[in-house]
Amino acid sequence: MNLDEDAIREHLTEVIEQHRDLDDAITAMGVAGSFDALQLQRMKKRKLALKDEIEKFQNMLVPDIIA
């Protein structure tokens with residue numbers, strides 16, 4: 001993926017927001033007490049995928065340094 005730094009930062013911001021929103025939704029489901037276990041499992045899986053994507057884009061912003 002060949003994106004410029006501004007596009008990477010913009011996408012990273014969007015993904016972080018999605019991750020935060022999903023975390024809030026998962027927490028709200030737990031507080032509500034009645035929830036669909038399958039839906040909760042899917043939400044948690046999506047949250048992990050977003051976390052991986054966040055890490056991937058954060059690594060794209062770090063310059064390669066040969067030691």
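Residues numbered from 1 in each chain as written. Predicted model: local features only at pLDDT ≥ 70, side-chain atom pairs only at ≥ 80, totals over all residues. Heavy atoms only, no water.

Draft legend 1. Region of the structure containing the overall build of the chain. Secondary structure summary: the chain contains 2 helices and 0 strands in total. The C-alpha radius of gyration computed for the chain amounts to 15 Å, which surpasses the reference 11 Å derived for 67 residues by more than 25%, pointing to a less compact arrangement than a globule. In the chain, the share of contacts with a sequence separation of at least 24, taken over all contacts with a separation of at least 6, comes to 72%. Of note, the chain has its 9 positive side-chain charges centred 9 Å away from the centre of its 14 negative side-chain charges. (Helix = DSSP H or I, 4+ residues; strand = E, 2+ residues; numbered from the N terminus. Rg over C-alpha atoms; globule rule 2.2 N^0.38 Å. Contact = heavy atoms within 4.5 Å. Lys, Arg positive; Asp, Glu negative; His and termini not counted. Charge placed at Lys NZ, Arg CZ, Asp CG, Glu CD.)

Draft legend 2. Region of the structure containing the environment of Met29. Along the chain, Met29 turns up in helix α1 (residues 5–32). Counting along the chain gives 22 residues from Met29 to Lys51, while the straight-line C-alpha distance between them is 20 Å. Met29 has contacts with Phe35, Asp36, Gln39, Leu40 and Met43, leaving out every residue within four places of it along the chain.

Such coordinate-based values are descriptive only and should not be taken to indicate function.
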